[in-house]
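Here is how the chains run, residue by residue.
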Amino acid sequence: MEKFYLTTAIAYASRKPHFGNTYEIIMADAFARFQRMLGKDVFLCTGTDEHGQKIENLAIEAGITPQKYVDGVAGEIKGIWDLMNVKYDHFIRTTDDYHVSAVKKIFKKFYDKGDIYKGFYEGWYCTPCESFFTATQVVEGKCPDCGRPVSQAKEEAYFFKMSKYVDRLVAHIESNPGFIEPESRKKEMVNNFLKAGLQDLCVSRTSFKWGIPVDFDDKHVTYVWLDALTNYITAIGYDPDKSYDDQCEKFKHYWPANVHIIGKDILRFHTIYWPIFLMALDLPLPEKVFGHPWFNFGNDKMSKSKGNVVYADELAEAFGVDGVRYYALSEMPYNSDGSITYESVISRYNNDLANNLGNLVSRTHAMTKKYFDGAIPAPEASDALDEDLKSTVIAAVKESAELMGSYRVADSLDSIFSMLRRANKYIDETMPWALAKNEDDKPRLKTVIYNLLETIRIASVILSPYIPETAEKIFSQLGTDKTDYSTVCAFGALEAGKPLGEASTLFARIDEKKFLEEMEARRAAAEAAAAPIEEPEHEAEIGIESFAAVELRVAEIIACETVPKAKKLLKLQVDLGYEKRQVVSGIAKFYTPDELIGKKIALVCNLKPAKLCGVDSFGMLLASGEEDVKVVFLDSGAKLGDRIH
Ligand SMILES: [Zn+2]
């Protein structure tokens, strides 16, 4: 069986990944499922990158060990991958013992070979990226990868002789046009980095401890990128002590990888350093490195500091897992950055999933129930319209597969959904409800319904890599076990005469206005909670005797009603134990009478009586706030009439 080994970048275990960091694994899972559907022996590897100074710092801040810190975050990451219905074959953590031991051996192997030597590093360093840069790479004092400021650093370090392999790498890139995808990124790598003169890479650090120690010099820890990149081979059993021919079967079967799927920001590490490390290990290079664009929020890069972070698990609560998967896969362009807005998520969900796909399935199911008692009819009388539908379906099967094979996932989905739109149009053209009125049209009606059911079945087979749960639901509604890819190259595998399964709603429409209002309310609440409290203006100091002049007593609200003609006011009857009084208060916007009756409050008893909107008020209750008023309620055990002091 032909193998297909694909990997994602391993997620940095610094914090819970947001939607922009979850897209990649969803896409990789769709590619993996697609290749499995084609009958290949697929191995999908993902995991977490757990070493480095940033994690060491975060652990110190959190007051726990780095290991404990990454255990927590790795668990969260794995949880989201699982929630997103990702079927990975291996989840590697760079703190796994087999990986740690292999990295130590790889480092030693490079050193023994003369590819790694000891020297001093002096240069520009970006702490968040844990990368050194030359003066020509630094952009106006900022890191070329993340745009944050860099600083000068000098320390004893080991270096990898990149220059030794540059010519071989350039030759490889130029003679393998598919090696870097999209093609447009290839030029940038070759011209800006390789041909500009590749510096030797600093591959060890001494300024922190949280990393894989260099075996023969334990003052040094291995540079995180050398550690992280090698996960692609250690995950499938690579043993640095053995030659390629003596590696385990698993490694020899899967390596080289068919594709490394990564974000465009780390393309340099994967198309320059990684191939050179592999050359130094005498291993073949991966077939392809696919650097996908980013998902931004609106026009901004998603980041915690900008407060525009969207999480996949939160989206899944509203749109379901397949709703999130569909959005991620359909909205992301191949070459330029995508942008997520709640409006576009809702629009995709309502238009494509609920209307185009969901309605097609529910209408067709309902008509089969109504006209054929729920049994799949055999086609009898055909028409030219049928041929158009069938050829559209067969063309979409072919086209979507070709696009998926060339990593154009959004275009591939687009092709499938165009086919679904064609099927919806077929309903309007053939008008089954009109055919059903005339017994002579019954043979034609059978054909129309059969063609629709078969189109839905084929669509579900080819949609299964993208929205697997939905595909399963549709198969069960159709009552079919014809779910193999081999059944979709021709039209007509659906078996007539069989009963359909139970109908169920695939995607319930979402009310955009209501959803956006809820999101806005949630966002505002989070913002208000996070906003710093300003120092208020203070009153002049008073003595205790001034305070004592205010006669505050415990009272219970025994009755309460609204005041006609005064929307803001509530008229309260309060019991002080020794007497009952009427008090008017401007809290009608914040409380209903029911919420107040039976509560104990602090009453200012010696306030001069007043008339509010014509109603007498004898006293005042205490409350906080102007915009959002909260009454000061007392403990239910407080004794009526007691002085508050
Ligand atoms: Zn940076």
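Reading guide: rules and limits
- Residues numbered from 1 in each chain as written.
- Predicted model: local features only at pLDDT ≥ 70, side-chain atom pairs only at ≥ 80, totals over all residues.
- Helix = DSSP H or I, 4+ residues; strand = E, 2+ residues; numbered from the N terminus.
- Rg over C-alpha atoms; globule rule 2.2 N^0.38 Å.
- Buried ≥ 20, exposed ≤ 12 C-beta atoms within 10 Å, placed from the backbone.
- Contact = placed C-beta atoms within 7 Å.
- Pairing = 2+ DSSP bridges.
- Core = buried A, V, L, I, M, F, W, Y, C linked by C-beta atoms within 7 Å.
- Domains from an automatic or database assignment.
- Arc of directions from axis to C-beta.
- Axes fitted to C-alpha atoms, helices over the stretch in contact; angles between N-to-C directions.
- Parallel < 35°, antiparallel > 145°, perpendicular 65-115°, else oblique.
- Nonpolar A, V, L, I, M, F, W, Y, C, P; charged D, E, K, R; others polar.
- Left-handed = near helix turned anticlockwise from the far one by under 90°.
- Right-handed = clockwise from strand over helix to strand, strands pointing away.
- Expected span 1.5 Å × (residues − 1).

Peer 1: Residues and numbers for the overall build of the protein, please.
Peer 2: Counting its secondary structure elements, the protein contains 20 helices and 25 strands. A compact globule built from 645 residues would reach a C-alpha radius of gyration of about 26 Å, whereas the protein, at 34 Å, exceeds it by more than 25%. Along the longest, intermediate and shortest principal axes, the C-alpha atoms of the protein span 100 × 90 × 40 Å. Expressed as a percentage of the 645 residues in the protein, the buried residues total 38%. At a minimum sequence separation of 6, the contacts of the protein that also span at least 24 residues come to 71%.

Peer 1: Residue-level account of the sheet that holds strand β7 (residues 151–160), with values.
Peer 2: In spatial order, the strands read β6-β5-β7-β9; together these four strands make up an open sheet with antiparallel pairing. Either end of the sheet is taken by a strand with one partner, and the two such strands are β6 (131–133) and β9 (201–202).

Peer 1: Outline the nonpolar core, listing residues and values.
Peer 2: By size, the foremost hydrophobic cluster in this structure holds 147 residues, and its most contacted members are Leu 6, Met 27, Leu 329 and Ile 416. With twelve residues, the top contributor of residues to this core is helix α16 (residues 442–463). Apart from residues lying up to four places away in sequence, Leu 329 is in contact with Ile 26, Met 27, Ala 30, Val 409, Ala 410, Leu 413 and Tyr 466. One finds Ile 557, Leu 570, Val 583 and Leu 603 within the second-largest nonpolar core, a separate group that totals 15 residues.

Peer 1: Describe the domain arrangement of the protein, listing the residues and the values that go with them.
Peer 2: Frequently, the measure chosen for interface size is the accessible area that the parts lose on association. For the protein, the assigned domains read domain 1 (318–488) and domain 2 (544–631). Spacing between the C-alpha centres of domain 1 and domain 2 amounts to 63 Å.

Peer 1: Let's hear about the sheet that holds strand β17 (residues 552–563): which residues, and what values?
Peer 2: Sheet architecture is open: five strands sit in the order β19-β18-β17-β20-β23, paired in antiparallel fashion. Bordering the open sheet on either side are β19 (580–585) and β23 (620–621), each of which pairs with just one other strand. With seven bridges joining them, β17 and strand β18 (residues 566–575) adopt antiparallel strand pairing. The partner of Glu 561 across the bridge, within β18, is Lys 571.

Peer 1: Which residues make up the environment of Lys 482, and what values do they have?
Peer 2: Assignment of secondary structure puts Lys 482 in the loop between α17 (468–478) and α18 (512–530). Once you skip the residues sitting within four places of it in the chain, Lys 482 turns out to touch Arg 457, Thr 487, Ala 493 and Leu 494.

Peer 1: Got a sec to walk through α17? Specific residues and values, please.
Peer 2: Those residues of α17 lying buried are Thr 470, Ala 471, Ile 474, Gln 477 and Leu 478. All buried residues of α17 lie within an arc of 120° about the axis, which places them on one face of the element. Of the surrounding elements, those touching the buried residues of α17 are α11 (312–331), α12 (342–372) and α16. Looking at the residues trailing α17, positive phi occurs at Gly 479, about 65°.

Peer 1: Go over unusual backbone geometry with me, naming the residues and quoting the values.
Peer 2: Cis geometry is found at the peptide bond from Glu 181 to Pro 182, where omega equals -5°. For the peptide bond that leads from Trp 255 to Pro 256, omega is 5°, which places it in the cis range. Following the sequence through the fold, Pro 256 ends up in the loop between α9 (249–254) and β12 (259–263). With a phi close to 65°, Tyr 407 is a non-glycine residue in the positive phi region. Taking the C-beta count within 10 Å as the criterion, Tyr 407 has 18 such neighbours and is therefore assigned partly exposed.

Peer 1: So what's going on with the pairing of strand β5 (residues 116–126)? Which residues, and what values?
Peer 2: In the sheet, β5 pairs with β7 via ten bridges, with the strands oriented antiparallel. Within the sheet, the bridge partner assigned to Tyr 117 lies in β7 and is Phe 159. Bridge count for β5 against β6 is three bridges, and the pairing is antiparallel. The residue of β6 that forms the bridge with Cys 126 is Ser 131. Here β5 folds back onto β6, and the loop between the two strands holds four residues, one of which, Glu 130, carries a positive phi near 55°.

Peer 1: Describe the packing of helix α13 (residues 384–405) against helix α14 (residues 409–430), listing the residues and the values that go with them.
Peer 2: Relative to each other, α13 and α14 sit at 170°, their axes nearing to 8 Å. By the angle between their axes, α13 is roughly antiparallel relative to α14. Of the residues in α14, those in contact with Leu 385, Leu 389, Thr 392, Val 393, Ala 396, Glu 399, Ser 400, Leu 403 and Met 404 of α13 are Val 409, Asp 411, Ser 412, Ser 415, Ile 416, Ser 418, Met 419, Arg 422, Ala 423, Tyr 426, Glu 429 and Thr 430. Split by residue class, the contact of α13 with α14 holds eleven nonpolar, six polar and four charged.

Peer 1: Quick one: what's the story with the environment of Val 259, residue by residue and with numbers?
Peer 2: Considering the arrangement of structural elements, one finds Val 259 in strand β12. Along the chain, Val 259 and Ser 476 lie 217 residues apart, while their C-alpha atoms are 34 Å from each other. In this view, Val 259 contacts Leu 6, Pro 286, Glu 287, Lys 288 and Phe 290; residues no more than four positions away in its chain are not counted.

Peer 1: Explain the packing of helix α5 (residues 166–175) against helix α6 (residues 184–194) residue by residue, including any values.
Peer 2: At a minimum axis separation of 11 Å, α5 and α6 run at an interaxial angle of 160°. The pairing of α5 with α6 is recorded here as roughly antiparallel in orientation. As α5 packs across α6, the resulting crossing turns out to be left-handed. Across from Val 166, Leu 169, Val 170 and Ile 173 in α5, the residues of α6 making contact are Lys 186, Val 190 and Leu 194. Of the residues belonging to the contact of α5 with α6, the class tally is six nonpolar, no polar and one charged.

Peer 1: So what about the environment of Tyr 223? Which residues, and what values?
Peer 2: Relative to the elements of secondary structure, Tyr 223 occurs in the loop between β11 (221–222) and α7 (224–229). Overall, the presence of 27 C-beta atoms within 10 Å leaves Tyr 223 in the buried class. The spatial distance from the C-alpha of Tyr 223 to the C-alpha of Ser 204 is 4.6 Å, given a sequence separation of 19 residues. Excluding residues that lie within four positions of it along the chain, Tyr 223 makes contacts with Cys 202, Val 203, Ser 204 and Arg 205.

Peer 1: Give a description of the pairing of β12 that names residues and reports values.
Peer 2: Here β12 lies mainly inside the structure; four of its five residues are buried. Pairing analysis gives three bridges linking strand β1 (residues 3–8) to β12, with the strands arranged parallel. Across the sheet, Thr 7 pairs through a bridge with His 260, a residue of β12. Two elements, β12 and strand β13 (residues 289–292), share four bridges in a ladder whose sense is parallel. Each residue of the ladder has a partner; that of Ile 261, found in β13, is Phe 290. Between β12 and its parallel partner β13, the chain crosses via helix α10 (residues 267–280), and the hand of that crossover is right-handed.

Peer 1: Can you lay out α18 for me, pointing to particular residues and giving the numbers?
Peer 2: Between its first and last C-alpha atoms α18 spans 27 Å; for 19 residues at 1.5 Å apiece the expected length is 27 Å, and the two agree. Little of α18 is tucked away: zero of the 19 residues are buried.

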